[in-house]
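Each chain, written out:
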Amino acid sequence: MSHVLDENERNEAEKILKYLKSMDLVLRTSPNPEQKERVRKDMTRYWTRLRVILPYVNFSDQNPDKIISQLATDFPEAEQEPSLKRKTKDILNHIPLQKISPSCNDREINLLHSMISLIEKEYWPSIYEKHCKLDFSHGAARGRLKINFENILRSFHVLAQIIEDHSSQGQKNIHNQSLKTRDRYMRSLIIQVNDYMHELTSFLRNLLELADENRLALQNADNIIRFNEKFEQASMLEGVTVENALRQFLEFGTFVLNHTKLPELRKNKKSF
């Protein structure tokens, strides 16, 4: 019997199946009996949850890849596009809007600033060394990415000042020159963000792929994140595993990257 999954069911099922695939690898490769026992208990719990979400799926063979293939047939291609649009709309609705400056009425720049602010407050804290233990090379790469992210925050601050200066200009010729400066810097910043998000998502994706193969790159994947409210403002990823936090960071980073979509800007960069 065919069953069309709704968006929430499919999202939850896909997350559980990704987790089960990674846990199956741990079960086969870990030398730690206690860890194996903990993983078995978690996997049993998640397989039980899947049976509730997917009552029409055949679970005779508990193989995540086979379940995923069944999801593909039970969720027709025609249903995917509306679901993708709903998901995009849902993400946008959950981003707290923060204007880059009081005088900025450019929706795209304000939205981009809001996305970067959300990454700064909620996502980056989850992969700081305090919560996310990496091997030396990935730890060094994380450090470079953090420095580059701080450069982006400074660029937003500069743009905010340019926008405020532009709004206060009185003479027409000064106003026009200020407008050109503002627009040029705005486009430059969008390109900077786009380039950075390519680097960040590549780093997160590579880290997660290595984590699926072994636990050397990501050394505490199963640890639960607990933020210290005295020193950290983050709360969105409280209570999730480090690996899950990385996956959610990658998902949001990919969303930001797709939203900026600026391959044509680089080709026409001289026109700015």
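Residues numbered from 1 in each chain as written. Predicted model: local features only at pLDDT ≥ 70, side-chain atom pairs only at ≥ 80, totals over all residues. Heavy atoms only, no water.

Caption draft 1: How the structure looks around the packing of helix H5 (residues 107-123) against helix H6 (residues 136-168). Where H5 meets H6, the axes come as close as 11 Å, and the angle between the chain directions of the two elements is 145°. Crossing angle aside, the handedness with which H5 passes H6 is left-handed. Of H6, the residues touching H5 (which contributes Ile109, Leu112, His113, Ile116, Ile119 and Glu120) are Phe149, Ile152, Leu153, Phe156 and Leu159. Taken together, the residues that form the contact of H5 with H6 break down as nine nonpolar, one polar and one charged. (Axes fitted to C-alpha atoms, helices over the stretch in contact; angles between N-to-C directions. Helix = DSSP H or I, 4+ residues; strand = E, 2+ residues; numbered from the N terminus. Left-handed = near helix turned anticlockwise from the far one by under 90°. Contact = heavy atoms within 4.5 Å. Nonpolar A, V, L, I, M, F, W, Y, C, P; charged D, E, K, R; others polar.)

Caption draft 2: Geometry of the side chain of serine 101. Here serine 101 lies in the loop between helix H4 (77-93) and H5. With a relative accessible area of 5%, serine 101 lands in the buried category. Beyond its immediate chain neighbours, meaning those up to four positions away, serine 101 contacts Ala160, Ile163 and Glu164. (Buried < 20%, exposed > 50% of the residue type's maximum accessible area, 1.4 Å probe, protein only.)

Caption draft 3: Molecular detail of the pattern of salt bridges. Applying the stated criterion across every chain yields a total of seven salt bridges. When the shortest N-O distance is used, the salt bridge between glutamate 232 and lysine 130 registers 3.3 Å. Here glutamate 232 is found in the loop between helix H7 (172-213) and helix H8 (242-260), whereas its partner lysine 130 is found in the loop between H5 and H6, with 102 residues between them in sequence. Note that glutamate 238 and arginine 226 form a salt bridge whose closest N and O atoms lie 3.6 Å from each other. Of this pair, glutamate 238 sits in the loop between H7 and H8 while arginine 226 sits in the loop between H7 and H8, and the two are twelve residues apart along the sequence. (Salt bridge = Lys/Arg side-chain N within 4 Å of Asp/Glu carboxyl O.)

Caption draft 4: Spatial organisation of the environment of serine 30. For serine 30, the location among the structural elements is in the loop between helix H1 (7-29) and helix H2 (33-53). Under the relative-accessibility criterion, serine 30 is labelled buried at 8%. Setting aside residues up to four positions removed in sequence, serine 30 forms contacts with Gln35 and Lys36.

Caption draft 5: Highlighting the packing of H5 against H8. With their axes 11 Å apart at the nearest point, H5 and H8 run at an angle of 165° to one another. Considering the angle they form, H5 stands roughly antiparallel to H8. Every pair of crossing elements has a handedness; the one defined by H5 and H8 is left-handed. Only Gln248, Phe249, Phe252, Phe255, Val256, His259 and Thr260 of H8 make contact with H5, whose side of the interface consists of Glu108, Leu111, Leu112, Met115, Leu118, Ile119 and Tyr123. Taken together, the residues of the contact of H5 with H8 break down into ten nonpolar, three polar and one charged. (Parallel < 35°, antiparallel > 145°, perpendicular 65-115°, else oblique.)

Caption draft 6: A look at the layout of surface pockets. Taken as a whole, the second largest pocket spans an internal volume of roughly 160 Å³. For the lining of the second largest pocket, the secondary structure elements donating two or more residues are H5 and H6. Here the lining of the second largest pocket gets three residues from one element, more than from any other, and that element is H6. Grouping the constituent residues of the lining of the second largest pocket by class yields six nonpolar, one polar and four charged. (1 Å grid on protein atoms, 1.4 Å probe; cavity = no way out; pocket = protein on both sides within 12 Å on 5 of 7 lines; lining within 4 Å. Points joined across faces, edges and corners; volume = space filled by probe spheres on them.)

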